[in-house]
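Spelled out, the chains give:
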Amino acid sequence: VQLQASGGGSVQAGDSLRLSCAASGGTFSDYLMAWFRQAPGKEREFVATISRNGGGTYYTVSVKGRFTISRDNAKNTLYLQMNSLKPEDTAVYYCAAGTGWNIRGPNDFAHWGQGTLVTVSS
């Protein structure tokens, strides 16, 4: 499956953004989907994951209550709604697809989008 992330931009602290990730070339609903992010000089970190049917989600502590991951299997698209953005959310955001269960490590995901940059200024 090929993934194309979009929706990044430059915003002020407290603003919102919605990222999208369009999938093609595979059966989208076969994959557990996730968002990761990588800030300058830091390792790629897990942000959120969503189950194949969208019924289950999991978030890293720092974004819980502010970010919402969702998917539309009919449109082959993954989303990340980001509210109350903080400067520490500044990073390149990547969508990823995996075939495992309850996976959250970057090495567990075989398919990656190209990344979209989110910059949050104070």
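See above for the structure.
Bear in mind that the values here come from a model prediction, so they are computed numbers and not experimental data.

**Describing the overall build of the chain**
Looking only at helices and strands, one finds zero helices and eleven strands in the chain. Counted from the first residue to the last, the chain has its helices and strands arranged as β-β-β-β-β-β-β-β-β-β-β. Here the C-alpha radius of gyration of the chain, 13 Å, is about what a compact globule of 122 residues would show, namely 14 Å. The principal-axis extent of the C-alpha atoms belonging to the chain is close to 40 × 25 × 25 Å. For the chain, the proportion of its 122 residues judged to be buried stands at 42%. Partitioning the intrachain contacts of the chain with sequence separation of at least 6 by distance along the chain shows that 57% fall at a separation of at least 24. Summed over all atoms, the accessible surface of the chain reaches about 6,100 Å², with 46% contributed by carbon and sulfur. Taking the average place of the 11 positive charges on the side chains of the chain and the average place of its 8 negative ones, the gap between the two points comes to 3 Å.

**Overview of the packing of aromatic side chains**
Following the criterion strictly, the structure yields six aromatic pairs and no others. With a centroid separation of 5.0 Å and an interplanar angle of 55°, the aromatic rings of Phe36 and Trp112 are classed as tilted. With Phe36 in strand S4 (residues 32-38) and Trp112 in strand S10 (residues 111-112), the pair connects residues that are 76 residues apart, well separated along the chain. What makes Phe36 buried here is its relative accessible area of 0%. A residue is classified by how much of its surface remains accessible, and Trp112, at 26% relative accessible area, is partly exposed. A cation over an aromatic ring shows up here: Arg71 above the ring of Phe28, its NZ or CZ 4.4 Å from the ring centre.

**Topic: the state of the cysteines**
Taken as a whole, this structure holds one disulfide when the rule is applied. One disulfide in the model links Cys21 with Cys95; its S-S distance is 2.1 Å. The sign of the S-S torsion, about 70°, decides the handedness of the disulfide formed by Cys21 and Cys95: right-handed. Highlighted residues: Cys21 in strand S3 (residues 17-24) and Cys95 in strand S9 (residues 91-98), separated in sequence by 74 residues. For the pair Cys21 and Cys95, one class covers both residues: buried.

**A closer look at the sheet that holds strand S7 (residues 67-72)**
Pairing is antiparallel in the open sheet, where four strands are placed in the order S1-S3-S8-S7. Strands at the two margins of the open sheet, each flanked by one partner only, are strand S1 (2-6) and S7. Across the sheet, the mean angle from the axis of one strand to that of its neighbour is 15°, orientation sign disregarded. When S1 meets S3, the two strands line up antiparallel, connected through five bridges. Residue pairing across strands places Gln4 opposite Ala22, the latter belonging to S3.

**Here we look at the pattern of salt bridges**
Pairing is possible between side chains of opposite charge, provided their charged atoms come close. Counted according to the given criterion, the structure contains three salt bridges. With a shortest N-O distance of 2.9 Å, Arg37 and Asp89 are connected by a salt bridge. Here the residue Arg37 occupies a position in strand S4, and Asp89 occupies one in the loop between strand S8 (77-82) and S9, the gap between them amounting to 52 residues. A relative accessible area of 4% means that Arg37 is categorised as buried. Here Asp89 falls in the buried class, since its relative accessible area comes to 0%. Here Asp89 ties to Arg66 by a salt bridge, and the two come within 2.7 Å at their closest N and O atoms. Note that Asp89 is positioned in the loop between S8 and S9 and Arg66 in the loop between strand S6 (57-59) and S7, a separation of 23 residues in sequence. Sharing partners across several salt bridges, the network here consists of Arg37, Glu45, Arg66 and Asp89.

Rules used in this analysis
Residues numbered from 1 in each chain as written. Predicted model: local features only at pLDDT ≥ 70, side-chain atom pairs only at ≥ 80, totals over all residues. Heavy atoms only, no water. Helix = DSSP H or I, 4+ residues; strand = E, 2+ residues; numbered from the N terminus. Rg over C-alpha atoms; globule rule 2.2 N^0.38 Å. Buried < 20%, exposed > 50% of the residue type's maximum accessible area, 1.4 Å probe, protein only. Contact = heavy atoms within 4.5 Å. Areas by Shrake-Rupley, 256 points an atom, 1.4 Å probe, with all protein chains shown as cover. Lys, Arg positive; Asp, Glu negative; His and termini not counted. Charge placed at Lys NZ, Arg CZ, Asp CG, Glu CD. Phe/Tyr/Trp six-rings, centres within 6.5 Å; stacked < 30°, edge-to-face > 60°. Lys NZ or Arg CZ within 6 Å of the ring centre and 35° of its normal. Disulfide = S-S within 2.5 Å. Pairing = 2+ DSSP bridges. Axes fitted to C-alpha atoms, helices over the stretch in contact; angles between N-to-C directions. Salt bridge = Lys/Arg side-chain N within 4 Å of Asp/Glu carboxyl O.

Remember that the coordinates give geometry; whether it matters functionally is a separate question.
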